[in-house]
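As a plain string of letters, each chain reads:
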Amino acid sequence: MKLEGALYPWRFRVVLGLLAVMVSAIAWRIIDLQVVDRDFLKGQGDARSVRHIPIPAHRGLITDRNGEPLAVSTPVTTLWANAKEMQLAKDRWPALAMALGQDPKALAERLEAQANKEFIYLVRGLTPEQGQAVLDLKIPGVYGIEEFRRFYPAGEVTAHMVGFTDIDDRGREGVELAYDEWLAGVPGKRQVIKDRRGRLIKDVQVTKNAKAGKPLALSIDLRLQYLANRELRNAIVENGAKAGSLVIMDVKTGEILAMVNQPTYNPNNRRNLQPAMMRNRAMIDVFEPGSTMKAISMSAALETGRWKPSDTVEVYPGTLQLGKYTIRDVSKTEGPVLDLTGILINSSNVGMSKVAFDIGGETIFRLAQKIGLGQDTGLGFPGERVGNLPNYREWRKAETATLSYGYGLSVTAIQLVHAFSALANNGRIAPLTLIKSDKTPQTTQVIPENVAKTMQGMLQQVIEAPRGVFRAQVPAYHVAGKSGTARKTSVGTKGYAENSYRSLFAGFGPMSDPRYAIVVVIDEPSKAGYFGGLVSAPVFSKVMSGTLRLMNITPDNLPTTQQANAASGTPVPVSYTHLTLPTICSV
Ligand code: 59J
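Read on for a plain summary of the structure. (Residues numbered from 1 in each chain as written. Predicted model: local features only at pLDDT ≥ 70, side-chain atom pairs only at ≥ 80, totals over all residues. Heavy atoms only, no water.)

**Notes on the overall build of the chain**
Across its full length, the chain holds 23 helices and 19 strands. In summary, the chain has a C-alpha radius of gyration of 36 Å against a globular reference of 25 Å for 587 residues, an excess of more than 25%. A principal-axis box enclosing the C-alpha atoms of the chain has dimensions of 135 × 70 × 60 Å. The buried share among the 587 residues of the chain stands at 48%. Long-range pairs, those at least 24 residues apart, make up 72% of the contacts in the chain between residues at least 6 apart in sequence. Of the roughly 29000 Å² of accessible surface on the chain, a fraction of 55% belongs to carbon and sulfur atoms. Side-chain charges in the chain split into 69 positive and 54 negative, and the spacing between the mean points of these groups amounts to 4 Å. (Helix = DSSP H or I, 4+ residues; strand = E, 2+ residues; numbered from the N terminus. Rg over C-alpha atoms; globule rule 2.2 N^0.38 Å. Buried < 20%, exposed > 50% of the residue type's maximum accessible area, 1.4 Å probe, protein only. Contact = heavy atoms within 4.5 Å. Areas by Shrake-Rupley, 256 points an atom, 1.4 Å probe, with all protein chains shown as cover. Lys, Arg positive; Asp, Glu negative; His and termini not counted. Charge placed at Lys NZ, Arg CZ, Asp CG, Glu CD.)

Here it is, written out as structure tokens:
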């Protein structure tokens, strides 16, 4: 090395010199950029920057089973401000306040307080015309973005079922929440170049297209929903009741055709909302089913083969002593004994209990479990309750008795209608659904067909027998069902309240080919009496009557010639005036 360096010293110096020149050139450039041109370049850099702004995705339409819109996304304009930029145009603030319909002083205070924020909302969800009117003022620092807002055409009639979204278009309640992922879609992205003040210089490209949410057709029929809502609301008002629910189900498909509650609310205007209005009671309130449970216990008795409808039980004197506990019948029966149909017609707690002792608590427990009482429905509705069916191993004699006539377990209205659907559908139960289904569902035989058919006849007697619940009758059709009146448990005392009741009715029809099951729950009627047969049965009658007509179901209870015409498709004049029958019991 040393020898070579000594041999060519000039060459070494040239290389060294070149390197020195290059280093100096780079150093000079650095000084030039960092010191000499610093301010100019920094300004240029800030002036343009690439940013991404979101493109909102269109949320899927929710409709009823016939395509009637229940939740619709409409485009709206949201106005926002770059408060920093706005500080340069304080003279325009009053004009902005005026255009927004806001108090000028309040707006000025807000803009001062947030003076270093580059993004604040001014107002969200204006109509595109309203938004444009403000943007046309060309106030520096005021910008608009396109968003979507949810509108609910059926308002309070479908409020609990459909739910609503929050200001950011995310599901907050009901189906909007349960199916949020399906409905929401995925927002897209747009790449833009903006200047220092956030003003858009150039719309570069859409880097990701917004993916629209998917539409959803619910199982409900808006016509039935309106009918149910109207009749329930009227009954709540007439009876001075606190609350109520009504559910209509297609027993063959498992579809919920209507689900309404009172009180309700307008999802399009959620100011002054009280929590009581928002409860989808049919799914989130649990209650003791009272005597409607006798339909289930009686089915269990028939299924054992130990009992047939004509078998009799002594119910005299209307009470049954179990240690310190007394079971009572509310209505007096004519004779000392009742057959099984008579137990249902008179709603005898004593008679039902004696049958229950014979077949054992486990038999009733097993059936109640199979038909979904106190069990998960699998619907996954937000806030839905499971209720409670206590395990039979824990039952003493008094518990077996009270459970057989509907106390000591808690259910939701939707579970009760599901249970009755099994009786209506000849013992086969279809899974519940809130979504329109196109294919015939898998059903499960939970009650032997002959037992279900026998029960259909007995429950028809409950309505049509001379001492039956005549207020549940439906003109031109045969229907079946069971009423119930249950004392409410009173908070604090651990017992049952003297003066607050829940009036129930569960039934189905038409008996020629049962298709629809309906449950009516009326909470704390306070005016014209409180028996289920008095308060809830008429609601069942009106709603079932309307349902059968709207669904074009052939009448099965007309004088014979009309019956023949109806079956052959000839239009039948049917009186729409509701049956008026004399009041037999006054409370
Ligand atoms: C009843 C109950 C409360 C709970 C009793 C209703 C019991 C009971 C303890 C007294 C009103 C009343 C576990 S009545 O549903 O039997 O629907 O048309 O609340 O019995 O043991 O002043 N229903 N109702 N019982 N409890 N515990 C009848 C009956 C029923 C009718 C009428 C008259 C009760 C026919 C209820 C209806 O079938």
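**Focus: the side chain of Ser483**
Tracing the backbone through its elements, the reader meets Ser483 in strand β17 (residues 480–489). Classification of Ser483 as buried rests on a relative accessible area of 11%. Those residues within four positions of Ser483 in sequence are excluded, and the remaining contacts are Ser291, Thr292, Val469, Leu504, Phe505, Gly532 and Gly533.

**Details of empty space enclosed by the protein**
Considering all chains together, one arrives at one cavity of 30 Å³ or more under this definition. The space that makes up the largest cavity amounts to roughly 30 Å³. Surrounding the largest cavity, Glu156, Val157, Thr158, Ala159, His160, Met161, Gln225, Asn229, Met259, Val260, Asn261 and Thr264 form its lining. The residue makeup of the lining of the largest cavity, split by class, is five nonpolar, six polar and one charged. (1 Å grid on protein atoms, 1.4 Å probe; cavity = no way out; pocket = protein on both sides within 12 Å on 5 of 7 lines; lining within 4 Å. Points joined across faces, edges and corners; volume = space filled by probe spheres on them. Nonpolar A, V, L, I, M, F, W, Y, C, P; charged D, E, K, R; others polar.)

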